[in-house]
Amino acid sequence: VFEEEREMTVMLLVDVSGSKNFGTRKQLKRDLITELCAVLAFSAIQNNDKVGVIFFSDQIEKFIPPKKGKSHILTIIRELINFEPEHSGTDIKEALRYFTLAIKKRCTAFLISDFLGSDFEDELKIANKKHDLVALQIFDKREMEIPKVGIIQLQDAESGSVRWFNTNSEKNRKEYHRNAVRQQSEIAELMRRSGVDHSRIATHQSYIQPLMTLFKRRGSKR
């Protein structure tokens, strides 16, 4: 992945908000994020690169400065597995601001989130201008479509708000899907406008093919 440059710094910006505890198929979002971060971190140390992490919710939860070495990577992996955030909200804007100020030298950064937050386009453009920013969007199939299973209770994992939803209604299911498709297209368009390489990775599928496609696309630009 990183063979074209040596001695790089790789930063992982990891969303640890409440919505990461969602997952209806193979695994939770947080499990997929942990696995992705482990793969990226171990790939980086193969090239003797420094790796650092910023955990964020609606505030900066923890900053692990970039360092080299296998023991450092193992420390990061333990944090990814065991870390429990103090807050459940999401503020991507604040995470990007912190990252831009904290990391002075140009690096490759992976922003890993479901991007359900909003209003962070300016910060995204600034961060991508200073660094090489890659967005990995984690999503679950049930965020796109909902099955016919009667009247169910839906709870927002970040705000705690609860609503009842009648899945027997075809109109409700179609509206749910339309809203999800619109949200996904808005995220993709945001990344395009900001010049940020972007890949969507689902909890019920292997991340290998989306990552390979992403890096082939990035390689063709160079």
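See above for the structure.
To keep things clear, this report deals only with the structure shown in the data block. For clarity, every value in this text was computed on a predicted model and none was experimentally measured. (Residues numbered from 1 in each chain as written. Predicted model: local features only at pLDDT ≥ 70, side-chain atom pairs only at ≥ 80, totals over all residues. Heavy atoms only, no water.)

This next bit is on the overall build of the protein. Helices and strands together make up the secondary structure of the protein, namely six helices and eight strands. Written out in order from the N terminus, the α and β elements of the protein read β-α-β-β-α-α-β-α-β-β-β-α-β-α. Relative to the 2.2 N^0.38 estimate, which gives 17 Å for 222 residues, the radius of gyration of the protein is 18 Å and therefore close to what a compact globule would have. With the principal axes as the frame, the protein shows a C-alpha extent of 55 × 35 × 30 Å. When each of the 222 residues of the protein is scored for burial, the buried share is 45%. Each charge class in the protein can be summarised by its mean position, and for the 37 positive and 31 negative side chains these summaries are 4 Å apart. (Helix = DSSP H or I, 4+ residues; strand = E, 2+ residues; numbered from the N terminus. Rg over C-alpha atoms; globule rule 2.2 N^0.38 Å. Buried < 20%, exposed > 50% of the residue type's maximum accessible area, 1.4 Å probe, protein only. Lys, Arg positive; Asp, Glu negative; His and termini not counted. Charge placed at Lys NZ, Arg CZ, Asp CG, Glu CD.)

The tendency in soluble globular proteins is for nonpolar side chains to be buried side by side. Leu12, Val14, Phe110 and Leu136 are the most contacted members of the largest nonpolar core, which totals 32 residues. Only β1 (9-15), α1 (29-46), β2 (50-56), α2 (70-82), β4 (108-113), β5 (132-139) and α6 (208-221) provide two or more residues apiece to this core. It is α1 that contributes the most residues to this core, nine residues altogether. One finds Phe99, Leu111, Ala127 and Ala135 within the second-largest nonpolar core, a separate group that totals 22 residues. (Core = buried A, V, L, I, M, F, W, Y, C linked by side-chain atoms within 4.5 Å.)

A word on the packing of helix α3 (residues 92-102) against helix α4 (residues 121-130). Where α3 contacts α4, the two axes come as close as 9 Å, and the packing angle between them is 25°. Between α3 and α4, the crossing angle belongs to the class labelled roughly parallel. Classified by chirality, the crossing of α4 by α3 is left-handed. Of α4, the residues touching α3 (which contributes Lys93, Leu96, Arg97, Phe99 and Thr100) are Glu123, Leu124, Ile126, Ala127 and Lys130. (Axes fitted to C-alpha atoms, helices over the stretch in contact; angles between N-to-C directions. Parallel < 35°, antiparallel > 145°, perpendicular 65-115°, else oblique. Left-handed = near helix turned anticlockwise from the far one by under 90°. Contact = heavy atoms within 4.5 Å.)

This paragraph deals with α3. Listed in full, the buried residues belonging to α3 are Ile92, Ala95, Leu96, Phe99 and Thr100. Down the axis of α3, the smallest arc covering the buried residues is 130°, so these residues share one side. Along its buried surface, α3 packs onto β1, β2, β3 (60-67), β4, α4 and β5. Sitting at the head of α3, Asp91 places a side-chain oxygen 3.2 Å from the backbone nitrogen of Lys93. (Arc of directions from axis to C-beta. Polar contact = N/O pair within 3.5 Å; in protein donor to acceptor, adjacent residues only side chain to side chain.)

Here β2 pairs with β3 via five bridges, running antiparallel. The partner of Phe55 across the bridge, within β3, is Lys62. Between β2 and the antiparallel strand that follows it, β3, lie three residues. (Pairing = 2+ DSSP bridges.)

Function-wise, these values are silent; they only describe arrangement.
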